[in-house]
Amino acid sequence: MTDCHGAGRGELPLDAREPGVARSDRGPSRAGTVEITRRVLLLGNPNVGKSTLFNTVTGSHQRVVNAPGTTVELEVGLWATIEGTPEVVDLPGTYSLLARSPDEQVAADAVTGEGGAAGGAAGGAADLVVVVVDATSVSRSLYLLAQTAHAGRPLVAALTMVDRAAEHGVVVEPAALEAAIGVPVVAIDPRTGVGVTALGRAVARSVDEPRYPRGIGVRQPADGGQDLTAELEQAERLFQWVENATGHLTVPTVMRRTRSDRIDRVLLNPWAGIPVFLAVMWALFELVTRVAAPLMTLVSGLVSGPASHGVRTALSGVGLGGGWIESLAVDGLLAGVGTVLAFVPLMAVMFVAIGVLESSGYLARAAFVADKAMRAIGLDGRAVLPLIVGFGCNVPALAATRTLPNARQRLLTGLLVPYTSCTARLTVYLLLASIFFPHDAGTVVFAMYLLSVLFVVGGGLLLRRTAFRDLRDEPLALVLPSYERPRLRPLVRSAWVRVGGFVTKAGRVIVIALLVIWVLMAVPVRGGHEVAQVPVADSLYGATATAVAAVLAPAGLGDWHVASALMAGFVAKEVVVGSFAQSYAVTAASDRGASAGAGNPGSGAGASLSVELQGTLDRTSGGKSGAAALALMVFVLAYTPCLATAAEQRRIFGRRWAMGSMGAQLVIAWIAAVLVFQIGRLW
Amino acid sequence: MSALRSVLAEARVGGTAENIAARLGLARDLVDSMIDQGERLGLLGSAAAACGSCVGAVATRVVRPGCTGCPFARAL
């Protein structure tokens, strides 16, 4: 390491970067000239208002990207109010550039410009780093700032939580702090936007004329891979700098008790905190199932009704109606788009709800309360949110994994989410339980939910002992943020960006997969039918189901109707019941009756489907249809998640993990179903 | 001795962040930050992590902070 203090004042030499020279490595513009853009990184400890600041300065000019080679998501946007509209990157929160998790590593690499692909997460070295300094925890924030300066990055400090610090009796004057550390310090309130314009001006000035803190040497490239003694000495110097910089601050020895402290005395108390936590989680579950469901139905109805009618009319108008082109357009393409759009209200509701929990400060408390239970299966307390949401719908549950700060924890939780039994699977349980266990239907359905929990717990324990042995069993150390009133605009803005990410990325996979299924169902393999005018049994899809049925025989499910319904269940678990009705050529009316009359199988039009199913499973199970029905329910619980879930898994965790997860689930489901049937047939 | 070394030394003999801050006259968040950095450098283990197993049964020369004061954790 080399100390590069400037003469006299101990400042960094300004030739560490050429001031005012913009990056020119982003490739030529269309006009053939070099495109001049600049990049600003937002860095800070967790829960200091960094992401709120990002939303405030970027407005709607933002997108979510994965850091190259990682599953760590970064939000990138344009600082529209600054001349030249520099790109701004919201880095994962961290306390140190000595990373302990993949997320922290992305932040560290982005600041230092090291780490290969991950280092390029923010496109290589940045022009400026805005370090968000928490006034309630100045020393801790300044250590991160000191490390950033030591990495040779010019800085601006954005001071947040000044009012909160004052509540504790801590007075932080921006001007005094600026004089002490030697870089611009701007007090801001990211939630109200106060001070953000001044921060923009400071950033614009500092991009052109970089400023570096006084008294911190720049780490040289040769210093990489220092031994422990050198690392410790460097930490000593940086902490000494922090002590000097904060020496003028008024910090009382005893902190005052704030409103948040008083609320926490209740919410973190086990007797009150756990019931409140359960009530909040119940409300979230209700939001996913009851509030979003009618909106999803509305969107589906619009697509399958007026939109489909419009497309059919338009095609008829140009002479393309009634044939395979109409079927492809309506039953393939439009159905795929409709499936994606139907999820939009659900995802939007979920993102806003998560945002409210996060920005209000309650999410950190929920994680604290649930930590002990989650730790029993090797997970962080924060994993409780996605796992509970999963019982409503797996797709937003995967999105909720973003509340976990560690990429490996997010991946582990994301792999367990499909085992939480979503409400779509409930329709299958109800149908089968009411047909095969009419007197114990409630008990059987409850047992399926119990089994779902066992799959999550067992899967968590198994994965922690195999593929996730690297996850250290660290205690949950959370800085509990003050309670705040959530602001609507940033919440809606953030939800809009994330829903957009779902529609464009996961949506593409869903549409393509549904088109493939349309092709399978449209192509006849026997019977001399025309393309797209073929009964399921005579289609390529039916032939595939017949082949798959042989694999299901050890579970007492060796029938093409069952295989066909399970294949359809890959698209959406809601269509399993409908697929049964379709493959048995039961009328649409009786199909609806089967669902509606699930509680009473012998009644109404549902009876025909009940009789058909009973007959099929009697035949495939050698008279042990109850055992086969149980095996079928277990298979539905455990096998591949629906297409939307798979697409979201692929979007968040990458193709390799998504495919691996689906393959493993198929195998596990098959083994579980075979075990259930083979043991069940003994009775 | 630097503040960081003092904090690490106090932590090694079982001091909590709050006690260390009071004893050394340092800001609590500065002590938190030093302990965190000490853990990241591998100079300290988490006290809570020691609760899962008894260090006395493990052949190691590193005594976790949570175990200081425990007779089984000595003389290794």
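Here is what the cut-offs are and how they apply
- Residues numbered from 1 in each chain as written.
- Chains lettered and ligands numbered in written order.
- Predicted model: local features only at pLDDT ≥ 70, side-chain atom pairs only at ≥ 80, totals over all residues.
- Helix = DSSP H or I, 4+ residues; strand = E, 2+ residues; numbered from the N terminus.
- Buried ≥ 20, exposed ≤ 12 C-beta atoms within 10 Å, placed from the backbone.
- Contact = placed C-beta atoms within 7 Å.
- Expected span 1.5 Å × (residues − 1).
- Bend = angle between axes of the 7 residues up to and from the residue.
- Core = buried A, V, L, I, M, F, W, Y, C linked by C-beta atoms within 7 Å.
- Pairing = 2+ DSSP bridges.
- Nonpolar A, V, L, I, M, F, W, Y, C, P; charged D, E, K, R; others polar.
- Axes fitted to C-alpha atoms, helices over the stretch in contact; angles between N-to-C directions.
- Parallel < 35°, antiparallel > 145°, perpendicular 65-115°, else oblique.
- Left-handed = near helix turned anticlockwise from the far one by under 90°.
- pLDDT = per-residue confidence, 0-100.

### Quick word on the overall build of chain A
Then comes step 1: When helices and strands are tallied, chain A shows 26 helices and 7 strands.
Then comes step 2: Considering chain A as a whole, with its 683 residues, one finds that 48% of them fall into the buried category.
Then comes step 3: For chain A, contacts bridging at least 24 residues in sequence account for 70% of all contacts bridging at least 6.

### Things to note about the overall build of chain B
Then comes step 1: Helix and strand counts for chain B come out as 3 helices and 0 strands.
Then comes step 2: The linear arrangement of helices and strands in chain B, starting from the amino end, is α-α-α.
Then comes step 3: A total of 76 residues make up chain B; the buried ones form 36% of that total.
Then comes step 4: Residue pairs at least 24 apart in sequence account for 26% of intrachain contacts in chain B once pairs closer than 6 positions are excluded.

### As for the environment of Val-634 of chain A
All names here are of chain A.
Then comes step 1: Among the secondary structure elements, Val-634 is positioned in helix α24 (residues 625–638).
Then comes step 2: We classify Val-634 as buried; it has 25 C-beta atoms within 10 Å.
Then comes step 3: When residues no more than four places from it in sequence are discounted, the contact partners of Val-634 are Leu-451, Ala-672, Ala-673 and Val-676.

### Observations regarding helix α11 (residues 324–360) of chain A
Residues spaced three or four apart along an α-helix face the same direction, because each turn holds 3.6 residues.
Residues and elements named next belong to chain A.
Then comes step 1: With 37 residues, α11 should reach 54 Å at 1.5 Å per residue; the first-to-last C-alpha distance of 53 Å fits that figure.
Then comes step 2: Along its length, α11 shows its largest kink, about 35 degrees, at Ala-335.
Then comes step 3: Immediately downstream of α11, the backbone of Gly-361 shows phi near 95 degrees, a positive value.

### Digging into the nonpolar core
Residues and elements named next belong to chain A.
Then comes step 1: With 202 residues, the main nonpolar core has Leu-41, Val-130, Ala-158, Leu-159, Ala-631, Met-633 and Phe-635 as its most contacted residues.
Then comes step 2: Here the element with the most residues in this core is α11; it accounts for 15 residues.
Then comes step 3: When near neighbours in sequence (up to four residues on either side) are disregarded, Leu-159 contacts Val-133, Ala-135, Val-172, Pro-174, Leu-177, Val-185, Val-186, Ala-187 and Ile-188.

### A short note on the pairing of strand β4 (residues 87–90) of chain A
Residues and elements named next belong to chain A.
Then comes step 1: Burial along β4 is two-sided: the face carrying Glu-87 and Val-89 and the face carrying Val-88 and Asp-90 are both buried.
Then comes step 2: Sheet topology note: the strand β1 (residues 39–44)/β4 ladder contains 4 bridges and is parallel. Directly across from Leu-42, in β4, lies its bridge partner Asp-90.
Then comes step 3: Looking at chain direction, strand β3 (residues 73–78) and β4 are connected through 4 bridges and run antiparallel.

### Digging into the interface of chain B and chain A
Then comes step 1: Opposite the 18 residues of chain B that make contact, chain A presents 22 residues.
Then comes step 2: Here the element with the most residues in the side of chain B that touches chain A is helix α3 (residues 28–40) of chain B; it accounts for 8 residues.
Then comes step 3: Here the side of chain B that touches chain A is built from residues that sort into 8 nonpolar, 5 polar and 5 charged.

### Here's the deal with the environment of Leu-91 of chain A
Residue and element names in this part refer to chain A.
Then comes step 1: Note that Leu-91 resides in the loop between β4 and α2 (102–112).
Then comes step 2: Exposure remark for Leu-91: the 28 C-beta atoms within 10 Å place this residue in the buried category.
Then comes step 3: Along the backbone, Leu-91 and Glu-73 are 18 residues apart, and their C-alpha atoms lie at a distance of 8.9 Å.
Then comes step 4: Apart from residues no more than four positions distant in its own chain, Leu-91 is found in contact with Leu-41, Leu-42, Leu-43, Leu-74, Ala-107 and Ala-110.

### Considerations on the packing of helix α4 (residues 138–150) of chain A against α3 of chain B
Then comes step 1: Where α4 of chain A meets α3 of chain B, the axes come as close as 6 Å, and the angle between the chain directions of the two elements is 45 degrees. Comparing their axes, α3 of chain B and α4 of chain A come out oblique. Along its contact with α4 of chain A, which presents Ser-139, Arg-140 and Tyr-143 of chain A, the element α3 of chain B presents Asp-29, Leu-30, Asp-32 and Ser-33 of chain B.
Then comes step 2: For the contact of α4 of chain A with α3 of chain B, the per-class residue count stands at 2 nonpolar, 2 polar and 3 charged.

### Things to note about unusual backbone geometry
All names here are of chain A.
Then comes step 1: Of note in this structure, Asn-47 is not a glycine but carries a positive phi near 60 degrees.
Then comes step 2: Exposure remark for Asn-47: the 20 C-beta atoms within 10 Å place this residue in the buried category.
Then comes step 3: If you check the backbone angles, Ala-532 has positive phi at about 70 degrees while not being a glycine.
Then comes step 4: Tracing the chain through its elements places Ala-532 in the loop between α18 (488–522) and α19 (540–552).
Then comes step 5: Accessibility expressed as a C-beta count within 10 Å gives 21 for Ala-532, which makes it buried.

### Observations concerning the packing of helix α1 (residues 3–12) of chain B against helix α2 (residues 17–24) of chain B
Residues and elements named next belong to chain B.
Then comes step 1: The interhelical angle for the contact between α1 and α2, taken along N-to-C directions, is 130 degrees, at an axis separation of 10 Å. The angle between the axes of α1 and α2 places the two elements in the oblique class. In the packing of α1 onto α2, the handedness of the crossing is right-handed. Together, Ala-3, Ser-6, Val-7, Glu-10 and Ala-11 of α1 and Ile-20, Arg-23 and Leu-24 of α2 make up the contact between the two elements.

### Some points on the confidence of the model for chain A
All names here are of chain A.
Then comes step 1: Across chain A, pLDDT averages 80, with 85% of residues at or above 70.
Then comes step 2: Within chain A, helix α22 (residues 588–596) has the poorest average pLDDT of any element, 38, and α24 the best, 96.
Then comes step 3: Across residues 116–122, confidence stays below pLDDT 50; counting only partners more than four residues off in sequence or on other chains, it has 24 contacts.
Then comes step 4: In this model, residues 586–606 is a region of pLDDT below 50 whose contacts with residues beyond four sequence positions or in other chains number 38 contacts.

### Topic: helix α20 (residues 560–571) of chain A
Residue and element names in this part refer to chain A.
Then comes step 1: Given a rise of 1.5 Å per residue, 12 residues ought to cover 16 Å, and the 17 Å separating the end C-alpha atoms of α20 matches this to within 8%.
Then comes step 2: Burial runs high along α20: 10 of the 12 residues are buried.
Then comes step 3: Of the residues making up α20, those classed as buried are Trp-560, His-561, Val-562, Ala-563, Ser-564, Ala-565, Leu-566, Ala-568, Gly-569 and Val-571.

### Overview of the confidence of the model for chain B
All names here are of chain B.
Then comes step 1: When pLDDT is averaged along chain B, the result is 69; 58% of the residues meet or exceed 70.
Then comes step 2: The secondary-structure element of chain B with the lowest mean pLDDT is α2, recorded at 84, while α3 shows the highest, at 89.
Then comes step 3: Below pLDDT 50 for its whole length, residues 47–63 participates in 31 contacts with residues either more than four positions away or in separate chains.
Then comes step 4: In the predicted structure, residues 71–76 sits below a pLDDT of 50 and forms 10 contacts with residues beyond four places in sequence or in another chain.

### Describing the environment of Ala-532 of chain A
Then comes step 1: C-alpha of Ala-532 of chain A to C-alpha of Trp-324 of chain A: the two residues are 208 residues apart in sequence and 5.3 Å apart in space.
Then comes step 2: Excluding residues within four positions of it along the chain, Ala-532 of chain A makes contact with Trp-324, Ser-327 and Ala-522 of chain A.

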